[in-house]
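Descriptive structure summary
This is what each chain is made of:
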Amino acid sequence: GAVAGAAADRVAVALKVAQERAMCIMLDLFTSGLVAMLRSATGGGVRVFDAHPYGTISYPFTVVHDLGGPATTGPPMLGDGADVAVLYQLDHVGRKRAEAQELERRCRDRIVQSDSAGGFLHPIVVTGWRCSERTTDSFLGVNPEGKTPQQVFVARSRYVIRWTPA
């Protein structure tokens, strides 16, 4: 009784740890795919960073933050396994308000634009997964941060990106 219960508890803990590791790996794959798409699609020398800016900073730039997920979202839309969704926040940073707003618009267009067949104009490539839905969750406005002469403007937007197994 007690030995079997303890063994079952250890198995349950090990399973939970394995599931958390798998979710972290999935989240990294999805985020890397989004960052790669934005880097290739925005053009014009725009820098896109994954969670933290690094290297020499030049303006404007975008920072991609995963805010939650991947969370299972029910039966698949396009495949055989359960869909997952990830909430992202993009911080678009410019030295001028117009720079931040323009970068937000360019990234939003790349994320949600569809082609004439109803697919996404700019695919996010993640091996073993298909991006089944991309929606704008919210636009949080443009806010100044810091004081002159270091002041920057940050336009924040959030997106939900849903994935289904390929």
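Coordinates for the structure precede this section.
Read on for an overview of the structure. (Residues numbered from 1 in each chain as written. Predicted model: local features only at pLDDT ≥ 70, side-chain atom pairs only at ≥ 80, totals over all residues. Heavy atoms only, no water.)

**Quick look at the overall build of the protein**
- Looking only at helices and strands, one finds 2 helices and 5 strands in the protein.
- Along the protein, helices (α) and strands (β) appear in the sequence α-β-β-β-α-β-β when read from the amino end.
- Taken over 166 residues, the protein has a buried fraction of 36%.
- Total accessible area on the protein is roughly 9,100 Å²; 57% of this is exposed by carbon and sulfur atoms. (Helix = DSSP H or I, 4+ residues; strand = E, 2+ residues; numbered from the N terminus. Buried < 20%, exposed > 50% of the residue type's maximum accessible area, 1.4 Å probe, protein only. Areas by Shrake-Rupley, 256 points an atom, 1.4 Å probe, with all protein chains shown as cover.)

**Details of the packing of aromatic side chains**
- What the rule picks out here adds up to 3 aromatic pairs.
- Chaining the aromatic ring pairs together yields one cluster made of Phe 30, Trp 129 and Trp 163.
- Sitting over the face of the ring of Tyr 59, Arg 95 holds its NZ or CZ atom 5.3 Å from the ring centroid.
- Between the NZ or CZ atom of Arg 134 and the centre of the ring of Phe 120, over which it lies, the distance is 4.0 Å. (Phe/Tyr/Trp six-rings, centres within 6.5 Å; stacked < 30°, edge-to-face > 60°. Lys NZ or Arg CZ within 6 Å of the ring centre and 35° of its normal.)

**What to know about the environment of His 92**
- Tracing the chain through its elements places His 92 in strand E3 (residues 84-94).
- When its relative accessible area of 0% is taken as the criterion, His 92 is described as buried.
- Once the C-alpha coordinates of His 92 and Val 48 are considered, the two residues, 44 residues apart in sequence, prove to be 9.1 Å apart.
- Aside from chain neighbours lying at most four places away, what touches His 92 is Phe 61, Thr 62, Ala 100, Leu 103, Glu 104, Cys 107, Phe 153, Val 154, Ala 155 and Ser 157.
- Here Thr 62 takes part through its side chain, which lies 3.0 Å from a polar atom of the side chain of His 92. (Contact = heavy atoms within 4.5 Å. Polar contact = N/O pair within 3.5 Å; in protein donor to acceptor, adjacent residues only side chain to side chain.)

**Some details on the environment of Ala 98**
- Mapped onto the elements of the fold, Ala 98 is located in helix H2 (residues 97-112).
- The exposed category is assigned to Ala 98, whose relative accessible area is 53%.
- Remark: the alpha-carbon pair of Ala 98 and Ala 155, spanning 57 residues in sequence, is separated by 9.7 Å.

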